[in-house]
Amino acid sequence: MGCCSSTEIKRDWKPLEERSCTDIPWLLIFILFCAGMACICGYPIATGAASRLVRGYDSYGNTCGKNNTKIEGVPLSGRDMTENKYVFFLDPCNLDLINRKIKSIALCVSKCPAAELRTYNDVKQFALNNGSHLCSYDISPTRYTSHADRSTKCPKLPVPPSKSVPLLHRCIPTDIGCYAEFAQAFVTFVSDNSVLRRVVAGVMASKEIIMGLCLLALVLSLIMMVVIRYISKVLMWILTILVIIGSIGGTGVLWWLYADHRKALENNTLSVFGKEVASDNVKALLVYSIGATIFTVVLLLVMFFMRKRVALTISLFHVAGKVFIHLPLLALQPFWTFLCLMLFWVYWIAVLLTLGTSGTAVKNNSTGLVEYQMQGPYQYLVWYHAVGLIWISEFILAFQQMTISGAVVTYYFTRNKSQMPATPILSSMARTFRYHLGTLAKGSFIITLVKIPRLILMYIHSQLKGKENACARCMLKGCICCLWCLEKCLTYLNQNAYTATAINSTNFCTSARDAFLILVENALRVAAINTVGDFVLFLGKVLVVACTAFAGVLALNYQREYTVWVLPLLIVSVFAFLVAHCFLSVFENVVDVLFLCFAVDSKYNDGSPGREYYMDKALMEYVENSKKSGLYKPGDGHGQELKSMARGGTSA
């Protein structure tokens, strides 16, 4: 379970040659943890909380749709609610947003009022005609119009028409207008209700256009994944030109401002106070100008010396485009990952809701109503459940990364592409299931260990907002920022560790160490790929969003009656960015996997007989050009030879 010693003899990299199970103890730990999650799900089912959540329960501890037992000290409990299968709230619009519940007395009724009841006499007639009592159980329907406590024990007038929600048996108002005040609280920028109504009306009226534009964003993202390899070189030049113009231009402006302020100071036309201010400005501008000059010179020198390595990024993008042509199912990875996450999150929320109705029935002495509270060690089940949300979600994301890594590694280290598996993606998933789930469990647990304290600090910061002093606020934000940076670094290292595991079938710590050493040996290349490459992918995302938004403007322009375009365009733009981010993130993962494969290949091979390269022609051209310029020096690989599962043929 522990990491391997750094004094261990360096091993051979043997891509796809041998498969063995990795990190088995961590797989057992993860299975036990998931068993604990299943027990948490079983606890509310065994204690009846799941039944209370589905059937519903009133404010006196009675579960609707069944015969109940008496609760000590609660006279209205223990009633037979076999015929009363629906939960009715006396004031359904009285929401407690902080505690996420309805602040209203709940009753079990046999029928939800389908029409509006304007007076207590209407409530009385509804109870007499349908046998559905909408006031507290201790008030008979004949006294609805005259009872002294009708304002607190009967529904708030007018009673809105409602219908039962499928499966959950709650009477929910059919007109959601009563929730408008809470919706307006989230839309703080809207001061006029008519504006809000026009915006919502515009969204509802243009829903077909919105759906069409979202589909367009999906298509554009898929196209971008294939064509970005052809336009990456152009984008590289655009980035280079913008950086050069920006740095030189900014430095020139600072020196011009310094000369102008110094000339004004030497004219002796300023007052004594003005001269002091001008003198300070001249000194500050001189410092800024010198600093900008140093920064510009260093930046230009770095760009000059890294210009050849930028060519590697272009070559990797070119090969990544080929990978998606040979492995088109890679484009579907965001879909199944999103589906798995959604199914798990739905399950997680359902269990969380059942935990909210678990525990012992306790009477609230201030209100006289019944609340369910978990006591003793059971109250910590929610925390265990929360950790499970993070760990299992990270595990699902790690499975996607391992699947992508395994498929790309198979593509790279198979000399004859005709000998590849018929379905490389499914083969990679099968290998991950069979051999490497323990590695995924360990890697995702490390991310969880970093993410939990960051989320706790963020929660503390939000709770203390406006109460803590400036020093405490600065320290909290600094800790959150440091943990975020650590999480990003570990995520990147994890991804490369999964790639090393896909190549060598080694455990997590060994793979992480091997990948880290390779990355350190190629630090400048890594910097070029992670800066220039990320910027190119960002431009790709911007291009998808811009095209989708432009198409949205053209489409909505033909719908002149929609006076408010803000929300439809915002929805489309956000969706386009998220879709482009999901797909281009897969592209970025493929580039990172290809780079590690290339680094290993170039370290242990030199193109000589018996040590032929596995790399694509585009990468081979980069190596040949680098050799001519003296930039590329192949590693000796300690005399080791890479061996692959499939032999024969040349790289595609």
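Residues numbered from 1 in each chain as written. Predicted model: local features only at pLDDT ≥ 70, side-chain atom pairs only at ≥ 80, totals over all residues. Heavy atoms only, no water.

A residue-level look at the chain finds 80% of positions with pLDDT of 70 or above and a mean pLDDT of 78. A low-confidence stretch, residues 1-11 (pLDDT under 50), is modelled with 22 contacts involving residues beyond four sequence positions or located in other chains. Confidence over residues 184-196 falls short of pLDDT 50; this stretch has six contacts with residues more than four positions distant or in other chains. (pLDDT = per-residue confidence, 0-100. Contact = heavy atoms within 4.5 Å.)

Helix 11 (residues 381-412) packs onto helix 1 (residues 24-46) with a crossing angle of 130 degrees between their chain directions and a minimal axis gap of 10 Å. Judged on the interaxial angle alone, helix 11 and helix 1 are oblique. In the crossing of helix 1 with helix 11, the sense of the turn from one axis to the other is left-handed. Taking contact as the criterion, the partners of Ile29, Phe30, Leu32, Phe33, Cys34, Gly36, Met37, Ile40 and Tyr43 in helix 1 are, on helix 11, Leu381, Tyr384, His385, Val387, Gly388, Trp391, Ile392 and Phe395. (Axes fitted to C-alpha atoms, helices over the stretch in contact; angles between N-to-C directions. Helix = DSSP H or I, 4+ residues; strand = E, 2+ residues; numbered from the N terminus. Parallel < 35°, antiparallel > 145°, perpendicular 65-115°, else oblique. Left-handed = near helix turned anticlockwise from the far one by under 90°.)

It is worth spelling out unusual backbone geometry at this point. Across the junction of Leu157 and Pro158, the peptide omega takes the value -10 degrees, indicating a cis bond. Look at Ser505: it is not a glycine, yet its phi comes out positive at around 60 degrees. Topologically, Ser505 is positioned in the loop between helix 14 (470-504) and helix 15 (508-521). Given a relative accessible area of 5%, Ser505 falls into the buried group. (Buried < 20%, exposed > 50% of the residue type's maximum accessible area, 1.4 Å probe, protein only.)

Together, Leu215, Val219, Ile223, Val226, Val227, Tyr230 and Ile325 make up a nonpolar patch on the protein surface, roughly 590 Å² of accessible area in all. In terms of residues, the nonpolar patch owes the most to one element, helix 7 (residues 207-266), which gives six residues. (Patch = residues over 30% accessible without salt bridge, like charges linked within 9 Å, V, L, I, M, F, W, Y side chains within 5 Å. Areas by Shrake-Rupley, 256 points an atom, 1.4 Å probe, with all protein chains shown as cover. Salt bridge = Lys/Arg side-chain N within 4 Å of Asp/Glu carboxyl O.)

Let's shift gears to the nonpolar core. If you look at the biggest cluster of nonpolar residues, it comprises 80 residues, and the most contacted ones within it are Val323, Leu330, Tyr412, Phe587, Val590 and Leu594. Looking at which element gives the most residues to this core, the answer is helix 17 (residues 566-604), with 17 residues. Look past the residues within four positions of Leu330 in its chain and what remains in contact with it is Val323, Phe324, Ile404, Val408, Ile425, Val586 and Val590. Ranked by size, the runner-up nonpolar core spans 30 residues in total, among them Val123, Phe126, Tyr144 and Val159. (Core = buried A, V, L, I, M, F, W, Y, C linked by side-chain atoms within 4.5 Å.)

Here we come to the environment of Tyr412. With respect to the element layout, Tyr412 can be found in helix 11. By relative accessible area, which is 3% here, Tyr412 ends up buried. Along the backbone, Tyr412 and Tyr614 are 202 residues apart, and their C-alpha atoms lie at a distance of 6.7 Å. Side chain to side chain, Tyr412 and Asp601 meet in a polar contact 3.0 Å long. (Polar contact = N/O pair within 3.5 Å; in protein donor to acceptor, adjacent residues only side chain to side chain.)

This part is about the pairing of strand 4 (residues 106-109). Two faces, one strand: in a regular strand the side chains alternate between the faces of the sheet. Going residue by residue along strand 4, you find Ala106 and Cys108 tucked away on one face and Leu107 and Val109 tucked away on the opposite face as well. Bridge count between strand 1 (residues 86-89) and strand 4: four bridges; the pairing is antiparallel. Counted as the bridge partner of Val87 is Cys108 from strand 4. (Pairing = 2+ DSSP bridges.)

Using the criterion set out here, one finds 17 aromatic pairs in the structure. Arranged with centres 5.7 Å apart and planes meeting at 70 degrees, the rings of Phe335 and Phe583 form a pair that is edge-to-face. Residue Phe335 is located in helix 10 (residues 333-356), and its partner Phe583 is located in helix 17; the two are separated by 248 residues in the primary sequence. On the basis of relative accessibility, which here comes to 40%, the residue Phe335 falls in the partly exposed class. Ring centres of Tyr412 and Phe413 lie 4.9 Å apart, and the angle between their planes is 70 degrees; on these two criteria the pair is classed as edge-to-face. Three or more aromatic residues link up through ring pairs in this structure, and these residues are Trp26, Phe30, Phe33, Tyr384, Trp391, Phe395 and Phe445. (Phe/Tyr/Trp six-rings, centres within 6.5 Å; stacked < 30°, edge-to-face > 60°.)

Here helix 1 contains 23 residues, and its C-alpha end-to-end distance of 32 Å stays within 8% of the 33 Å for a straight helix at 1.5 Å per residue. Those residues of helix 1 that fall on the buried side of the exposure criterion are Trp26, Phe30, Phe33, Gly36, Met37, Ile40, Tyr43 and Pro44. On its buried side, helix 1 packs onto helix 2 (49-55), helix 10, helix 11 and helix 13 (437-463). Downstream of helix 1 by a residue or two, Gly48 has a phi angle that is positive, lying close to 90 degrees. (Expected span 1.5 Å × (residues − 1).)

Looking now at helix 11. Every α-helix winds through 3.6 residues per turn, so residues three or four apart in the chain are directed the same way. In this model helix 11 runs 46 Å from its N-terminal to its C-terminal C-alpha over 32 residues, within 8% of the 46 Å that 1.5 Å per residue would give. Within helix 11, 25 of the 32 residues are buried, which leaves it mostly tucked inside the rest of the structure.

What follows concerns the pattern of salt bridges. Enumeration according to the criterion identifies seven salt bridges in this entry. Between Glu521 and Lys603 there is a salt bridge, and its shortest N-O distance comes to 3.2 Å. One end of the pair, Glu521, is in helix 15; the other, Lys603, is in helix 17, with 82 residues separating them in the sequence. For Lys603, a relative accessible area of 15% corresponds to the buried category. The network of salt bridges with shared partners includes Glu394, Lys451, Arg454 and Glu487.

Let us now look at the state of the cysteines. Applying the stated criterion to the full structure yields three disulfides. Covalent S-S linkage joins Cys64 and Cys108, the inter-sulfur distance amounting to 2.0 Å. Its S-S torsion of about -85 degrees marks the bond between Cys64 and Cys108 as left-handed, since a negative value means left-handed. You can see Cys64 sitting in the loop between helix 2 and strand 1 and its partner Cys108 sitting in strand 4, a full 44 residues away along the chain. By relative accessible area, Cys64 is classed as buried at 1%. With a sulfur-sulfur separation of 1.9 Å, Cys112 is cross-linked through a disulfide to Cys171. Around the S-S axis, the bridge from Cys112 to Cys171 shows a dihedral of about -80 degrees and counts as left-handed. Taken together, the residues span a long stretch of sequence, with Cys112 in the loop between strand 4 and helix 3 (120-130) and Cys171 in strand 6 (residues 171-173) at a distance of 59 residues. The residues Cys112 and Cys171 share a single accessibility class, namely buried. (Disulfide = S-S within 2.5 Å.)

Take the environment of Ala430 next. Considering the arrangement of structural elements, one finds Ala430 in helix 12 (residues 424-435). Residue classification places Ala430 among the partly exposed residues on the basis of a relative accessible area of 44%. Taking C-alpha positions, Ala430 is 8.9 Å from Thr403, a pair spaced 27 residues apart along the chain.

A few words now on the side chain of Arg431. Here Arg431 is to be found in helix 12. Residue classification places Arg431 among the buried residues on the basis of a relative accessible area of 17%. Not counting residues up to four positions away in its chain, the partners in contact with Arg431 are Arg19, Gly406, Ala407, Thr410 and His436.

The next point concerns the environment of Ser511. Structurally, Ser511 is set in helix 15. When neighbours within four sequence positions are excluded, Ser511 is seen to be in contact with Ala497, Ala500, Thr501 and Thr506. Of the polar contacts made by the side chain of Ser511, one reaches the backbone oxygen of Asn507; its length is 2.9 Å.

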